[in-house]
Amino acid sequence: MTAGQPQDAPAAERAGRTPGIPGSGAPAPGPREPGPAGKGSASQAGPAPESAAGRAGGTGRRVPAPLLNAVSLAAGVGVWALLAAHGVGGLPGPAAVAGRAVEMLRDGTLEGDMLASLRRVLAGFALGSVLAVVVGFLMGWYPVVRALCEPYVQFFRTIPPLALIPVAVVLMGIGETPKIFVIFLAAFLSTVVATLQGVLGVDRTLINAARVLGARDLAVFLRVVIPAAAPFILVGMRIGLGSAWATVVAAELIAAQEGLGFRMQHAETYYDLDTIFVGLVAIGVLGLVMDRLLLLAENRLTRWQERR
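Residues numbered from 1 in each chain as written. Predicted model: local features only at pLDDT ≥ 70, side-chain atom pairs only at ≥ 80, totals over all residues. Heavy atoms only, no water.

Participant: When you look at the packing of aromatic side chains in this model, what are you seeing that I'm missing?
Facilitator: The description of an aromatic ring pair rests on the distance of the ring centres and on the angle between the ring planes. Summed over all chains, the structure comprises 4 aromatic pairs. Judged by centre distance (5.2 Å) and plane angle (85°), the ring pair of phenylalanine 155 and phenylalanine 156 falls under edge-to-face. A relative accessible area of 49% means that phenylalanine 155 is categorised as partly exposed. You can call phenylalanine 156 partly exposed: its relative accessible area is 33%. When the centroid spacing of 6.4 Å and the interplanar angle of 35° are considered together, the rings of phenylalanine 181 and phenylalanine 184 count as tilted. One end of the pair, phenylalanine 181, and the other, phenylalanine 184, are both in helix H9 (residues 176-200), 3 residues apart, so they sit about a helical turn from each other. Judged by relative accessible area, phenylalanine 181 falls into the partly exposed class, the value being 31%. The buried category is assigned to phenylalanine 184, whose relative accessible area is 18%. (Phe/Tyr/Trp six-rings, centres within 6.5 Å; stacked < 30°, edge-to-face > 60°. Buried < 20%, exposed > 50% of the residue type's maximum accessible area, 1.4 Å probe, protein only. Helix = DSSP H or I, 4+ residues; strand = E, 2+ residues; numbered from the N terminus.)

In structure tokens:
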């Protein structure tokens, strides 16, 4: 072989010089030139493989909420039936309670009691919520009103509405007025605090921007403050609704001639657990339906809000 003459391929392999391997003595191939579309080697290599987490998230399906609710309800009834079958605490089974509910529906007792309790709750809850929204907005918008009213609101919030039932009965009698009053107070105290917090939590930048654009106080209040405080108000109303139902049952236990609370107290005298459980289930169903209606209103009124 002549000096300076390049070795052939077999000789190069025998010499341990493999082309393209660093340190073998052979130059590595240079970088590829971009193709016609201007893409480099990274694009020519194709898309990166998807991670396992991405594949799991893409192929997973979310179970509908109504289906989960139905499964939860069936499981709860199953546990109830199992406990009743083993005689735990003398609980009546779902079949016995359902049979008693059918009997009360046939003679009109259950329907009358449900309507009486629902009428009281709706009257007190509506009055309390409306007044709470007005007072909450005034307290949040005007510092003078807040300074005057907040001590009274905080004072009565520490007193359970149930503790005021005897006072209301003594001062207002045993008619409908004391029952509606304590329900009104329970709904008012829950909603007014939420409304106040909603007004105070409005972003000042939004208010200042509206005023810079020429909006007056009324327009700012209607277009900025009320929509921003709506989620707080509806949450307060949902809390007030639960307090209203708890209060009306307690009020009917003290002085009433009809209603779910009155019927449960009457059944307690005769140790009629079936009737007591019918009243409990009726209260839970009515409260759940009303809460779902408020939640539906919240979803419609706060569509602008970002949700998970």
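Participant: Before we go on, may I ask you to explain the pattern of salt bridges in this structure?
Facilitator: Note that side chains of opposite charge can pair when their charged atoms are close. Scanning all chains against the criterion turns up 8 salt bridges. With a shortest N-O distance of 2.5 Å, glutamate 252 and arginine 120 are connected by a salt bridge. Here the residue glutamate 252 occupies a position in helix H11 (residues 217-254), and arginine 120 occupies one in helix H6 (residues 109-141), the gap between them amounting to 132 residues. Each member of the pair, glutamate 252 together with arginine 120, is buried. (Salt bridge = Lys/Arg side-chain N within 4 Å of Asp/Glu carboxyl O.)

Participant: What is the right way to read a nonpolar patch on the surface from this model?
Facilitator: Taken together, the side chains of Val167, Val170, Leu171, Met172 and Phe181 present a nonpolar region at the surface, about 480 Å² in accessible area. Of the residues forming the nonpolar patch, the biggest block, 4 residues, is contributed by helix H8 (residues 165-172). Mapped onto the elements, leucine 171 comes out in helix H8. (Patch = residues over 30% accessible without salt bridge, like charges linked within 9 Å, V, L, I, M, F, W, Y side chains within 5 Å. Areas by Shrake-Rupley, 256 points an atom, 1.4 Å probe, with all protein chains shown as cover.)

Participant: Would you mind going over the nonpolar core with me for this structure?
Facilitator: A general feature of soluble globular proteins is that nonpolar side chains tend to end up buried together. The biggest cluster of nonpolar side chains holds 43 residues, and the ones touching the most others in it are Leu110, Val121, Ile207, Val220, Val225, Leu241 and Trp245. Taken together, the elements giving at least two residues each to this core come down to helix H5 (94-106), H6, H8, H9, helix H10 (204-212), H11, helix H12 (260-269) and helix H13 (273-301). Among the elements that make up this core, the one with the highest residue count is H11 (14 residues). Apart from the residues within four sequence positions on either side, leucine 241 is in contact with Val121, Phe125, Gly287, Met290, Asp291 and Leu294. Among the nonpolar cores identified, the runner-up in size contains 11 residues, and Ala132, Leu164, Phe184 and Leu196 belong to it. (Core = buried A, V, L, I, M, F, W, Y, C linked by side-chain atoms within 4.5 Å. Contact = heavy atoms within 4.5 Å.)

Participant: Which parts of the structure should I look at to understand the side chain of glutamate 252?
Facilitator: Glutamate 252 sits in the buried class, given a relative accessible area of 1%. A polar atom in the side chain of glutamate 252 sits 2.8 Å from the backbone nitrogen of glycine 261. If we skip the residues at most four places from it in the chain, glutamate 252 touches Ser117, Arg120, Glu258, Gly259, Leu260, Gly261, Phe262 and Gln265. (Polar contact = N/O pair within 3.5 Å; in protein donor to acceptor, adjacent residues only side chain to side chain.)

Participant: I tried to follow the layout of surface pockets on my own but got confused; where do I start?
Facilitator: Vacant regions in the atomic arrangement are exposed by a probe of water-molecule size rolled over the atoms. Quantified by volume, the largest pocket comes out at close to 320 Å³. Every residue lining the largest pocket is counted, 14 residues in all, and those nearest its centre are Trp80, Val97, Val281, Ala282 and Val285. Residue assignment for the lining of the largest pocket shows that the elements contributing at least two residues are helix H4 (65-85), H5, H6 and H13. Top contributing element to the lining of the largest pocket by residue count: H5, with 5 residues. For the lining of the largest pocket, a count of residues per class yields 14 nonpolar, no polar and no charged. In this structure, the second largest pocket occupies an estimated 190 Å³ of space. In this structure, the second largest pocket is lined by Arg157, Ile159, Pro161, Ala186, Leu189, Ser190, Val193, Ala194, Val235, Gly236, Ile239 and Ser243. Elements represented by at least two residues in the lining of the second largest pocket include exactly H9 and H11. It is H9 that contributes the most residues to the lining of the second largest pocket, 5 residues altogether. Of the residues assigned to the lining of the second largest pocket, the class counts are 8 nonpolar, 3 polar and 1 charged. (1 Å grid on protein atoms, 1.4 Å probe; cavity = no way out; pocket = protein on both sides within 12 Å on 5 of 7 lines; lining within 4 Å. Points joined across faces, edges and corners; volume = space filled by probe spheres on them. Nonpolar A, V, L, I, M, F, W, Y, C, P; charged D, E, K, R; others polar.)

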